[in-house]
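Each chain is listed here by its residues.
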Amino acid sequence: MPAQCEGEGKTPPAAERLPAGTVTVRPARPDDLPGLQEVARRTWRATYTGLIPDADIERFLERHYSLEELGRALERLGEGMLVAAVDDQVVGYATCGVNREGTGELFAIYVLPEWQRRGVGRRLWQRAIEHLRSLGLPEMVVWVLAANEPARRFYEHRGAALLGTRAFTVGETPLEEAGYVVRLAGR
Ligand SMILES: CC(C)(COP(=O)(O)OP(=O)(O)OC[C@H]1O[C@@H](n2cnc3c(N)ncnc32)[C@H](O)[C@@H]1OP(=O)(O)O)[C@@H](O)C(=O)NCCC(=O)NCCS
């Protein structure tokens with residue numbers, strides 16, 4: 001069993017009672033950023049503990065998920081920064097846009113552990129596709145830690161095709177990531 005959700009408790013009863021229809025997926029606003037930061041911190045730790053050294057997880061979060069950095073990302077990505085919210089509490093987010101190669105890319109998609117497997121990721125995914133399609137992009141790629149089996153199953157479930165794998169490093173740790181692609185044109 002991968003380390004995803006390791007150390008997380010059971011779904012809180014209050015969340016269980018909320019029907020999926022109460023989740024709103026929309027572009028992020030500046031006042032969502034503290035909530036998005038919290039989702040990133042909790043979900044990153046739950047997902048990657050045991051796959052990536054703890055110190056590297058914390059360094060990544062400090063560097064890329066400070067409020068300043070998130071503010072810059074919101075300016076850069078515009079409607080490509082999406083949140084899933086329940087009564088204005090952020091429970092998930094996704095970021096997408098044009099990567100350095102000029103291709104549409106889903107840069108991140110994270111749903112709080114207690115909200116996973118309830119349709120939130122699917123809605124964020126769909127909204128990201130709609131955004132990239134509105135930019136006229138023909139495809140969306142997404143890269144995932146190769147050892148992150150649950151996320152890979154989610155992408156495969158969504159019809160993404162495996163492109164291949166490549167090596168990368170987080171801090172000093174050599175890792176492997178798998179790339180997937182989804183055709184956007186004509187879908
Ligand atoms: C991956 C993630 C974003 C998916 O979001 P989610 O809200 O849990 O997924 P959903 O409930 O919307 O599932 C959508 C579909 O994928 C399937 N699915 C989701 N997770 C799955 C899993 N682990 N194994 C198999 N199928 C899965 C669901 O059965 C569902 O199928 P359906 O469309 O036929 O109903 C979420 O689980 C998450 O944040 N994981 C941890 C962080 C992470 O790994 N992010 C990706 C980094 S690259």
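So, here's what we can say about the structure. Note that this is a predicted model, so its numbers are computed, not measured. Per chain, residues are indexed from 1 in the order of the written sequence. Under the rules for a predicted model, residues below a pLDDT of 70 receive no local features and side-chain atom pairs below 80 are neither given nor counted, while totals for whole chains, interfaces and linings still include all residues.

1. A short note on unusual backbone geometry
For the record, the criterion: Here a strand is any run of E in DSSP of at least two residues, a helix any run of H or I of at least four, and the numbering for each starts at the N terminus. Exposed residues have 12 or fewer other C-beta atoms within 10 Å of their own C-beta, buried residues have 20 or more, and partly exposed residues fall in between, where C-beta atoms are placed from the backbone.
Phi at D87 takes a positive value of approximately 50 degrees, unusual for a residue other than glycine. On the secondary structure map, D87 appears in the loop between β2 (81-86) and β3 (89-98). In this structure D87 comes out as exposed when scored by C-beta crowding, with 9 C-beta atoms within 10 Å. Backbone geometry places R117, a non-glycine residue, at a positive phi of 65 degrees.

2. Concerning the environment of E130
By secondary structure assignment, the location of E130 is in helix α5 (residues 120-134). Separated by 54 residues in sequence, E130 and L184 have C-alpha atoms that sit 8.6 Å apart.

3. With respect to the nonpolar core
Nonpolar side chains in soluble globular proteins generally cluster together in the buried interior. Using the following cut-off: Any nonpolar core is a set of buried residues, restricted to Ala, Val, Leu, Ile, Met, Phe, Trp, Tyr and Cys, that join up through C-beta atoms within 7 Å. Think of it this way: build a C-beta for each residue from its backbone, and any pair within 7 Å is a contact.
Counting residues in each nonpolar core, the largest one holds 40 residues, and the members touching the most others are L36, A84, V91, Y93 and A94. If we ignore the near neighbours within four places in the chain, the residues touching L36 are A28, L70, V83, V90 and Y93.

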